[in-house]
Amino acid sequence: MGEYTFFGIPILLWRSILTSTPRHFDWRIGLVTLVMAIGAQSASAQIKLGQTLDLSGVTSAFSKDFMRGTSAYLTVINNSGGVAGKTLELITLDDKFDPELTLQNTRKLVDDPAVLGLVGYRGTLNVQKVMPLLAEQKVSLVGTSAGAMSLRKPVHPYLYHNRASLADEVEVLVNHAELTGITKLAYGYQDDAFGKDGLTAFEAAMAKRNLKPVATGPVPRGTTDVTAAAAAIAKAQPQVVIFVGQAKPAAALIRAIRKNGSAAQFMVTSVISGIHGELGEEAFGISVAQVVPSPFNPFTSKLVQDYQTAMKAIGETKFTHNSLEGYLIARIMVKAIQQAGANPTRAGVHKALEAMRAEDIGGYMVRYSPTDHLGSKFVEINMVRKDGSFAR
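None of the values given here were measured: they were computed from a predicted structure.

*Asks:* Help me understand helix H3 (residues 60-79), please; the structure alone is not making it clear to me.
*Replies:* An α-helical turn contains 3.6 residues, so a residue and the one three or four places further along point in the same direction. The end-to-end C-alpha distance of H3 is 28 Å, a good match for the 28 Å that 20 residues give at a rise of 1.5 Å each. Two residues or fewer past H3, Gly-81 is found with a positive phi of approximately 110°.

Structure, rendered in structure tokens:
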């Protein structure tokens, strides 16, 4: 039979402290012993979440911004007593946006049995690399910034999305262009699985409207070598250029196309909603597909109000779509842990996630089932202002 405890402290220790007299027992020593015992119990009562992101490569600024939101919500939970009396710890490793490092880091994380789940990965290739490991270890990953359909179909049993797909974003952008009378569209993209998935979506959206792309321009992955892509796109004289990829190549391509004399408007997807950080005031007028509500007005939804409160509590006053998404992902994972019982396990978290048929997270609906891990199809378009804020 196991030893009985109260608040995690052995009953015999409580009895010794509470029944001893001053002659036989020094209360100061007893109190210190009790505090140390409780402290030791608290230190071991911990739930870990794992994450590997680019903290020193081309997408590091966005990864760190994403982390701010996740950390803010975990701080709120820990300050209110944690989950089932246990604190939450986020372990984040640097993968430099390298898929091989993403896999290595993920192995390290899941080898720790205290890591109940993974949160907030970035990059299509990076996520693809770890998908077999997720199934092998039966550990759930909630939230990725990658919207590729290759990550969504067929449904991976342990990969849970929180955002609309890339195809959803591209469809909304093309539809917006058509509604404003624009028919000459070009497509620039990061030359990898993510960008090519966007190209397929772009061509489908154009064909749906009996339109054809006037030009396409691939940019080698992990570079800002945009010379050939910019020349090809500018030569076609498009009215609008849609770019799918990371922020640095997007900024380089936009500048190069403009330098080639083009007056085209630019549209980008949510993965680079922080394009102003690369272009400054040159980002003015760029349309951005967003997969979470505007983070600036707390009156738009309870989710945004809670997010701003959490950010302020950790001394953050800069609100971004990116950090709001990181915050949202943390809320989804914590909700699953809370619903997994008094002693949550990886299996319990997985079961709780699949049971989220219509989870209302401050007005943002998340829906999962064993056959559908898409989570949400929310997309809206914002325009970048000169100061980096957004107009709806």
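*Asks:* For this particular structure, what's the right way to read the layout of surface pockets?
*Replies:* One way to see where empty space is left: roll a probe the size of a water molecule over the atoms. By volume, the largest pocket is sized at about 320 Å³. The wall of the largest pocket is formed by 17 residues, among which Asp-65, Gly-274, Gly-277, Lys-318 and Thr-320 lie closest to the centre.

*Asks:* Help me out: how do you make sense of empty space enclosed by the protein in this one?
*Replies:* Applying the stated criterion to the full structure yields two cavities of 30 Å³ or more. If you tally residues by element for the lining of the largest cavity, the top one is helix H12 (residues 321-338), at three residues. Considered class by class, the residues forming the lining of the largest cavity number three nonpolar, six polar and three charged. Estimates place the volume of the second largest cavity at around 50 Å³. What lines the second largest cavity is simply Phe-97, Gly-123, Thr-124, Leu-125, Ser-145, Ala-146, Gln-190, Asp-192, Phe-194, Arg-221, Gln-246 and Val-271. Tallied by class, the residues present in the lining of the second largest cavity amount to five nonpolar, five polar and two charged.

*Asks:* Got a minute to help me understand the packing of helix H4 (residues 99-110) against helix H5 (residues 124-137) in this structure?
*Replies:* A pair of packed helices is captured by two measures, namely the crossing angle of their axes and the spacing between those axes. One way to put it is that H4 packs onto H5 with a least axis distance of 8 Å and a crossing angle of 30°. Taken together, the axes of H4 and H5 lie roughly parallel to each other. The two elements H4 and H5 meet at a crossing, and its hand is right-handed. On the side of H4, the interface is formed by Pro-99, Glu-100, Thr-102, Leu-103, Thr-106, Arg-107 and Val-110, while H5 contributes Leu-125, Asn-126, Lys-129, Val-130, Leu-133 and Gln-137. Here the residues of the contact of H4 with H5 sort into six nonpolar, four polar and three charged.

*Asks:* What is the right way to read the packing of aromatic side chains from this model?
*Replies:* For the coordinates displayed, the defined rule picks out eight aromatic pairs. Ring plane angle 25° and centroid distance 5.2 Å describe the contact between Tyr-187 and Tyr-189, whose orientation is recorded as stacked. Exposure remark for Tyr-189: the relative accessible area of 9% places this residue in the buried category. Tyr-187 sits in the buried class, given a relative accessible area of 0%. In this structure an aromatic cluster arises from ring pairing among Tyr-73, Tyr-307, Phe-319 and Tyr-327. Directly above the aromatic system of Phe-284 lies the positively charged group of Lys-386, at a separation of 5.6 Å from the ring centroid.

*Asks:* Honestly, the environment of Tyr-327 in this entry has me stumped. Any pointers?
*Replies:* Turning to its location among the elements, Tyr-327 is positioned in helix H12. For Tyr-327, a relative accessible area of 2% corresponds to the buried category. The sequence separation of Tyr-327 and Asp-306 amounts to 21 residues, and the corresponding C-alpha distance is 9.6 Å. Sequence-distant contacts of Tyr-327, defined by excluding residues within four places in its chain, comprise Gly-69, Thr-70, Tyr-73, Leu-303, Asp-306, Tyr-307 and Ala-310.

*Asks:* I would appreciate a short explanation of the nonpolar core in the present structure.
*Replies:* Across soluble globular proteins, nonpolar side chains show a tendency to be buried alongside one another. In this structure, Leu-185, Ile-242 and Ile-286 are the most contacted members of the largest nonpolar core, which totals 56 residues. Take this core: its biggest share by element is eight residues, from helix H9 (residues 247-259). Those residues in contact with Ile-286, other than ones at most four positions away along the chain, are Ile-254, Phe-266, Val-268, Ile-275, Leu-279, Asn-382, Met-383 and Val-384. With 40 residues, the next largest nonpolar core counts Tyr-307, Leu-328, Leu-353 and Tyr-368 among its residues.

*Asks:* Is there a simple way to explain the sheet that holds strand E9 (residues 215-220) in this structure?
*Replies:* Strand order in the open sheet formed by seven strands is E9-E8-E10-E11-E12-E16-E17, and the pairing between neighbours is mixed. On the outer flanks of this sheet lie E9 and strand E17 (390-391), each paired with one strand and no other. Packing against the sheet, H9 makes contact with strand E8 (185-191), E9, strand E10 (240-244) and strand E11 (265-268), and its axis sits at approximately 160° to E10.

*Asks:* Please clarify how the environment of Leu-328 should be interpreted in this entry.
*Replies:* Assignment of secondary structure puts Leu-328 in helix H12. In this structure Leu-328 comes out as buried when scored by relative accessible area, which is 0%. In this structure, the C-alpha to C-alpha distance between Leu-328 and Asn-162, residues 166 residues apart in sequence, is 8.1 Å. Not counting residues within four places of it along the chain, the set of residues in contact with Leu-328 comprises Asn-162, Val-292, Leu-303, Ile-361 and Tyr-364.

*Asks:* I would appreciate a short explanation of the pairing of E8 in the present structure.
*Replies:* Taken residue by residue, a regular strand's side chains alternate between the two faces of the sheet. Across the seven residues of E8, six count as buried, placing the element largely inside the fold. As paired strands, E8 and E10 are joined by five bridges and run parallel to one another. Residue Ala-186 lies in a different strand from E10, and its bridge partner there is Val-241.

*Asks:* I would appreciate a short explanation of the sheet that holds strand E6 (residues 141-144) in the present structure.
*Replies:* To summarise the sheet geometry, strands pair through backbone hydrogen bonds and adopt either a parallel or an antiparallel arrangement. An order of E4-E3-E5-E6-E7 is seen for the five strands of this open sheet, with the pairing classed as parallel. The outermost strands of the open sheet, each flanked by one partner alone, are strand E4 (87-94) and strand E7 (159-160). Here strand E5 (residues 115-121) runs beside E6; their pairing, made up of three bridges, is parallel. The partner of Leu-118 across the bridge, within E6, is Leu-141. Sheet strands in contact with H3 are strand E3 (46-53), E4 and E5, and its direction is about 165° off that of E4.

*Asks:* How do you make sense of the pattern of salt bridges when you look at a structure like this?
*Replies:* Where charged atoms from two side chains of opposite charge come close, those side chains can pair. Evaluation of the coordinates by the stated rule reveals 18 salt bridges. Among the salt bridges present, the one from Lys-129 reaches Glu-100, with a minimum N-O distance of 2.8 Å. With Lys-129 in helix H5 and Glu-100 in helix H4, this pair connects stretches of sequence that are 29 residues apart. When salt bridges that share partners are traced, they join Glu-171, Glu-178, Lys-208 and Arg-209 into one network.

Thresholds, definitions, all that
Residues numbered from 1 in each chain as written. Predicted model: local features only at pLDDT ≥ 70, side-chain atom pairs only at ≥ 80, totals over all residues. Heavy atoms only, no water. Helix = DSSP H or I, 4+ residues; strand = E, 2+ residues; numbered from the N terminus. Expected span 1.5 Å × (residues − 1). 1 Å grid on protein atoms, 1.4 Å probe; cavity = no way out; pocket = protein on both sides within 12 Å on 5 of 7 lines; lining within 4 Å. Points joined across faces, edges and corners; volume = space filled by probe spheres on them. Nonpolar A, V, L, I, M, F, W, Y, C, P; charged D, E, K, R; others polar. Axes fitted to C-alpha atoms, helices over the stretch in contact; angles between N-to-C directions. Parallel < 35°, antiparallel > 145°, perpendicular 65-115°, else oblique. Left-handed = near helix turned anticlockwise from the far one by under 90°. Contact = heavy atoms within 4.5 Å. Phe/Tyr/Trp six-rings, centres within 6.5 Å; stacked < 30°, edge-to-face > 60°. Buried < 20%, exposed > 50% of the residue type's maximum accessible area, 1.4 Å probe, protein only. Lys NZ or Arg CZ within 6 Å of the ring centre and 35° of its normal. Core = buried A, V, L, I, M, F, W, Y, C linked by side-chain atoms within 4.5 Å. Pairing = 2+ DSSP bridges. Salt bridge = Lys/Arg side-chain N within 4 Å of Asp/Glu carboxyl O.

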